[in-house]
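Spelled out, the chains give:
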Amino acid sequence: ISPPPQRMNAVNDELRIAVCEDLIADQELLLRRIRESGVAARCEVFPSGEAFLEQYKPGLYHLVYLDIYMDKLTGMQVAAAIREQDEAVMLAFTTTSREHSFEANKYRSLLYIEKPVTQEMVNHTLNIAIALRDRQRAEMLTVPTDLRQVDVPYGDLAYVEVRNQRCILHLRNGQQVEVSTTRNINDLEAALPSPPFLRTHRSYLVNMQQVREVVKW
């Protein structure tokens, strides 16, 4: 039997979880299992894949629970969209069928959980998520905001821009994550490893491993 995950108290130790599930009864059961695990977690619930992807940005969550059988976008389609922009977030599928267990591996899911979800399986998922989250932290930039914090792996960053309490994380895949934060450019410079990050301007920190060409102005 999987033991309860270790209780965490500090706000920064909260496990940030998204639950993407269209059935209210299944939402409530999964949320109850998470609460009863004893883990300090902040959960957000989305009734469809479309609602989740509309607001999703890399770094918002540590763990995403995805129901496979939803109207319109399935959990597998949502996972594919997530992996196009985020390699780090952890995924766990919930389903009434074993049919897609092999496909789930393609999206590097932690677990494939059959419904109704049990306390043992939720505890097991959270144990793995906490261990991986703690391991990833050593190689992530954390930017706290008013409502949540954003974590982005160093390797996903092309450069960081800070202007007027707005931090824009420019990712290797061309996407941007923009947040409001009290951290200034000096704070972020101290948080990033050097090398490979270099401050090239009062507002920019560049991952020199992503530089292809230097143009003289």
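For the structure, see preceding data.
Just so you know, these numbers come straight off a predicted model, no measurement behind them.

Peer 1: It is not clear to me how the overall build of the chain should be interpreted in this structure. Could you clarify?
Peer 2: When its secondary structure is counted, the chain shows six helices and twelve strands. In terms of overall size, the chain behaves like a compact globule, its C-alpha atoms giving a radius of gyration of 18 Å where 217 residues would be expected to give roughly 17 Å. Across its three principal axes, the chain shows a C-alpha extent of roughly 60 × 35 × 25 Å. Of the contacts formed within the chain by residues at least 6 apart in sequence, a portion of 60% connects residues at least 24 apart. On the chain, roughly 11,800 Å² of surface is accessible, and the fraction owed to carbon and sulfur atoms is 50%. Taking the average place of the 25 positive charges on the side chains of the chain and the average place of its 29 negative ones, the gap between the two points comes to 5 Å.

Peer 1: Help me understand the pairing of strand S11 (residues 197-201) in this model?
Peer 2: Each regular strand carries side chains that alternate between the two faces of the sheet. Bridging between S11 and strand S12 (residues 204-207) involves four bridges; their strand directions are antiparallel. Across the sheet, the residue bridging to His201 is Tyr204, located in S12. Hairpin geometry of S11 and S12 is characterised by an intervening segment of two residues between the two adjacent antiparallel strands.

Peer 1: Got a minute to help me understand the nonpolar core in this structure?
Peer 2: What tends to happen in soluble globular proteins is that the nonpolar side chains get buried as a cluster. Phe52, Val160 and Leu169 are the most contacted members of the largest nonpolar core, which has 39 residues in total. Of all the elements, helix H3 (residues 75-85) adds the most residues to this core, at four residues. Excluding its chain neighbours within four sequence positions, the residues that come into contact with Phe52 are Ala18, Cys20, Phe46, Tyr61, Val64, Val78 and Ile82. Core analysis: the next-biggest nonpolar cluster, separate from the first, contains 20 residues, Leu15, Ile34, Leu63 and Ala129 among them.

Peer 1: Explain the sheet that holds strand S9 (residues 166-171) here, please?
Peer 2: For sheets, the rule is that strands pair by backbone hydrogen bonds, running either parallel or antiparallel. Ordered in space as S10-S9-S8-S12-S11, the five strands form an open sheet in which the pairing is antiparallel. Two strands close off the open sheet at either side, each with one partner strand: strand S10 (176-180) and S11. Across this sheet, the average inter-strand angle for adjacent strands is 20°, counted without regard to direction. Here S9 pairs with S10 via five bridges, running antiparallel. Paired with His170 across the two strands is Gln176, which belongs to S10.

Peer 1: How should unusual backbone geometry be read in this particular structure?
Peer 2: If a residue is not glycine, its phi is most likely negative; likewise, a peptide bond is most likely trans. Cis peptide bonds are those with omega within 30 degrees of zero, and the linkage from Lys115 to Pro116 qualifies with -5°. The amide bond that connects Pro195 to the next residue, Pro196, takes the cis arrangement and shows omega of 10°.

Peer 1: Please explain the sheet that holds strand S5 (residues 111-114) as it appears in this structure.
Peer 2: Ordered by their spatial adjacency, five strands build an open sheet running S2-S1-S3-S4-S5, and the pairing between neighbours is parallel. Edge strands, defined here as strands with exactly one partner in the open sheet, are strand S2 (41-46) and S5. Averaged over all pairs of adjacent strands, the angle between their axes in this sheet comes to 20°, without regard to strand direction. Against the sheet, helix H1 (residues 24-36) engages strand S1 (15-20), S2 and strand S3 (63-67), with an angle of about 175° to S2. Most of the contacts of H3 go to strand S4 (residues 90-95), to which it runs at about 175°, and overall it touches S3, S4 and S5.

Peer 1: Please explain the pattern of salt bridges as it appears in this structure.
Peer 2: Once the charged atoms of two side chains with opposite charge are near each other, the side chains can pair. On inspection of all chains with the given rule, the structure shows 13 salt bridges. Residue Glu36 pairs with Arg32 through a salt bridge whose shortest N-O separation is 3.9 Å. With Glu36 and Arg32 both in helix H1 and four residues apart, the pair spans about one turn of that helix. Its relative accessible area of 49% is what places Glu36 among the partly exposed residues. Note that Glu178 and Arg166 form a salt bridge whose closest N and O atoms lie 3.3 Å from each other. Pair noted here: Glu178 is in strand S10 and Arg166 is in strand S9, with a separation of twelve residues, a long-range link. Taking the relative accessible area as the measure of exposure, Arg166 reaches 32% and is therefore partly exposed. One network of salt bridges, in which partners are shared, links Glu21, Asp26, Asp67 and Lys115.

Conventions used here
Residues numbered from 1 in each chain as written. Predicted model: local features only at pLDDT ≥ 70, side-chain atom pairs only at ≥ 80, totals over all residues. Heavy atoms only, no water. Helix = DSSP H or I, 4+ residues; strand = E, 2+ residues; numbered from the N terminus. Rg over C-alpha atoms; globule rule 2.2 N^0.38 Å. Contact = heavy atoms within 4.5 Å. Areas by Shrake-Rupley, 256 points an atom, 1.4 Å probe, with all protein chains shown as cover. Lys, Arg positive; Asp, Glu negative; His and termini not counted. Charge placed at Lys NZ, Arg CZ, Asp CG, Glu CD. Pairing = 2+ DSSP bridges. Core = buried A, V, L, I, M, F, W, Y, C linked by side-chain atoms within 4.5 Å. Buried < 20%, exposed > 50% of the residue type's maximum accessible area, 1.4 Å probe, protein only. Axes fitted to C-alpha atoms, helices over the stretch in contact; angles between N-to-C directions. Salt bridge = Lys/Arg side-chain N within 4 Å of Asp/Glu carboxyl O.

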